[in-house]
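A closer look at the structure
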Amino acid sequence: MGILGSGVQDGLLLKPITYPWAMDLYNQAVANTWFPNEIQLGEDLADFKRMTDEEKHAITYLMSYFNPNELLVNKALAFGVYPYINAPEGHLYLAKQMWEEANHCMSFEYVLETFPIDRDAAYGSHVSVPSMAAKEEFEVRFIKRMTEETLDITTTEGKKDFIRNLVAYNIILEGIWFYSGFMVALSFRQRNLLRNFGSLMDWIIRDESLHLQFGINLILTVLEENEDLQDEEFAEEIRQMILGAVAMEEQYNRDLLPTGILGLNADYVNQYVKYLADRRLEELGFDAHYNVSNPAKWMATANDTLQLVNFFEATNTSYEVNAQATTN
Ligand SMILES: [Fe+2]
Ligand SMILES: [Fe+2]
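About the criteria used
- Residues numbered from 1 in each chain as written.
- Chains lettered and ligands numbered in written order.
- Predicted model: local features only at pLDDT ≥ 70, side-chain atom pairs only at ≥ 80, totals over all residues.
- Heavy atoms only, no water.
- Donors = N, O, S within 2.8 Å, 3.2 Å for Na, K, Ca; no water.
- Tetrahedral: all angles 85-135°; square planar, octahedral: opposite > 155°, others 65-115°.
- Helix = DSSP H or I, 4+ residues; strand = E, 2+ residues; numbered from the N terminus.
- Buried < 20%, exposed > 50% of the residue type's maximum accessible area, 1.4 Å probe, protein only.
- Salt bridge = Lys/Arg side-chain N within 4 Å of Asp/Glu carboxyl O.
- UniProt positions renumbered as here; feature names shortened; annotations may be inferred.
- Contact = heavy atoms within 4.5 Å.
- Polar contact = N/O pair within 3.5 Å; in protein donor to acceptor, adjacent residues only side chain to side chain.
- Expected span 1.5 Å × (residues − 1).
- Axes fitted to C-alpha atoms, helices over the stretch in contact; angles between N-to-C directions.
- Parallel < 35°, antiparallel > 145°, perpendicular 65-115°, else oblique.
- Left-handed = near helix turned anticlockwise from the far one by under 90°.
- Phe/Tyr/Trp six-rings, centres within 6.5 Å; stacked < 30°, edge-to-face > 60°.
- Lys NZ or Arg CZ within 6 Å of the ring centre and 35° of its normal.

Comments concerning the coordination of the iron ion (ligand 1)
Protein-derived ligands of the iron ion (ligand 1) are Glu70 (OE), Glu101 (OE), His104 (ND1) and Glu208 (OE), with the metal-ligand distances lying across 1.9 to 2.2 Å. In this structure, the iron ion (ligand 1) is coordinated by 4 donor atoms arranged in irregular fashion, with angles at the metal of 84 to 153°. Written as a sequence motif, the donor arrangement for the iron ion (ligand 1) is E-x30-E-x2-H-x103-E. The metal-metal distance between the iron ion (ligand 1) and the iron ion (ligand 2) is 3.3 Å, with Glu101 coordinating both. On the criterion of sequence distance, the pair formed by Glu70 in helix H3 (residues 53–80) and Glu101 in helix H4 (residues 88–114) is long-range, its members being 31 residues apart. Note on Glu101: relative accessible area 0%, which makes it buried.

Quick look at the structure:
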């Protein structure tokens, strides 16, 4: 039958498992369960109060971006992924991921409640700052398509819309844009500031690395099972989506870091964004595009990006062959 479908009565029996990777990720996700109030932010509040205005701006800006976007991921999953998946093990994982996104949203609420940040100003930025609003509009466009009655998941175009939404929220939002923010958030700890906030970010990143593994496996599975999606033009469209997302992130980071803080500036963060985009391209079977080194090597030890790359090294799909043909 394949992993895609929309029959409500299908996928009601868990065993036998068709996609063991989804079951594996579910078990890992459950083992990772945590709660924000396990971390005390008292010392971090003292740090925050003595930080410069630019540093406070960066934290406020990150909260402005992360908070609504955690919820936006859930919309992408609820409207665009869950209804079109047949495998119950996929549903189990998605249910856990959706709780995790809710937990991330509540973690950022906890930070907003603890630090003296103007919540209205923080909430307003995702609409009032053009580079932040642009990233949101990009995502919403793909999610909206998944809710239109004209979408038929049994057609090639319907399946392409499914992949487009997956690439938009998983590869781009969770796999590039969020990691760019994680790096800025964790750079405070590199300067011995906001260390407990850093631990909260570590836990979020640990969840996100599983979200990324699930999304990439889902994309590769759908491509493998549907030969009608394996065309060069579609592969190139996906590649261009990712390159376009890097350009959007560059503008966003120039607004986030108008002046340098903590040894960081927009160019430094944007080099990391390009490094990340290359890893995501490779995980999907494309060649790297930017070929830049990782300016934040300490992030590789702070999260499991490298482990993620290894996880997919063994994956070899026919899509890879097609993608290769496009970039050559
Ligand atoms: Fe999240
Ligand atoms: Fe996520």
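From this point, the discussion proceeds with the structure in view.
Quick look at the pattern of salt bridges
Tallied over the entire structure, the rule returns 17 salt bridges. Taking the shortest distance from any N to any O, the salt bridge between Lys96 and Glu100 comes out at 2.7 Å. Placement of both Lys96 and Glu100 in helix H4 is noted, with a separation of 4 residues, approximately one turn of the helix. Across this residue pair, the class does not change: Lys96 and Glu100 are buried. Note that Asp228 and Lys159 form a salt bridge whose closest N and O atoms lie 3.0 Å from each other. Taken as a pair, Asp228 in the loop between helix H8 (195–225) and helix H9 (232–256) and Lys159 in helix H7 (residues 156–190) lie far apart in primary sequence, 69 residues in all. Taken together, the shared-partner salt bridges in this structure form one network comprising Arg145, Glu148, Glu157, Asp161, Arg164 and Glu237.

Let's talk about the UniProt feature "binding site: Fe cation 2" (unreviewed entry) in the chain
When the UniProt feature table is mapped to this numbering, "binding site: Fe cation 2" (unreviewed entry) covers Glu174, Glu208 and His211. Considering the C-alpha atoms alone, the annotated residues occupy 38 residues of sequence yet fold into one spot, their largest mutual distance being 7.8 Å. With respect to the secondary-structure elements, Glu208 resides in helix H8. The class for Glu208 is buried, based on a relative accessible area of 0%. Non-local contacts of Glu208, meaning those with residues more than four positions away in its chain, are made with Glu70, Glu101, His104, Glu174, Phe178, Tyr179 and Phe182. Polar side-chain contacts of Glu208 include one of 3.1 Å to the side chain of His104. Inspection of the secondary structure puts His211 in helix H8. If sequence neighbours within four positions are ignored, His211 has contacts with Tyr93, Gln97, Glu100, Glu101, His104, Asn170 and Glu174.

Some thoughts on H4
With 27 residues, H4 ought to run about 39 Å at 1.5 Å a step, and its terminal C-alpha atoms sit 39 Å apart, in line with that. Counting buried residues along H4, 19 of its 27 residues qualify, which places the element largely inside the surrounding structure.

Some points on the packing of H9 against helix H10 (residues 266–283)
Between H9 and H10, whose axes approach to 9 Å, the crossing angle comes to 165°. Here H9 lies roughly antiparallel to H10, going by the angle between them. Here the hand of the crossing between H9 and H10 comes out right-handed. Taken together, the residues of H10 that come into contact with H9 (itself represented by Arg239, Ile242, Leu243, Val246, Glu249, Glu250, Asn253 and Arg254) are Ala266, Val269, Asn270, Val273, Lys274, Ala277 and Leu281.

Quick look at the packing of aromatic side chains
Counted by the stated rule, this structure contains 19 aromatic pairs. When the centroid spacing of 6.1 Å and the interplanar angle of 55° are considered together, the rings of Phe178 and Phe182 count as tilted. Taken together, the residues Phe178 and Phe182, both in helix H7 and 4 residues apart, mark about one turn of the helix. Assessed through its relative accessible area of 0%, Phe178 is described here as buried. Residue classification places Phe182 among the buried positions, given a relative accessible area of 0%. Joined through ring pairs, the aromatic side chains of Tyr61, Tyr65, Phe66, Phe108, Phe178, Tyr179, Phe182 and Tyr252 make up one cluster. The positively charged end of Lys135 is found above the aromatic ring belonging to Tyr65, 3.8 Å away from the centroid. If you follow Lys135 out to its NZ or CZ, it ends over the ring of Tyr252, 3.3 Å from the centre.

Considerations on the coordination of the iron ion (ligand 2)
At 1.9 to 2.6 Å from the iron ion (ligand 2) lie its protein donor atoms, namely Glu101 (OE), Glu174 (OE), Glu208 (OE), Glu208 (OE) and His211 (ND1). Between consecutive donor residues of the iron ion (ligand 2), the sequence gaps follow E-x72-E-x33-E-x2-H.

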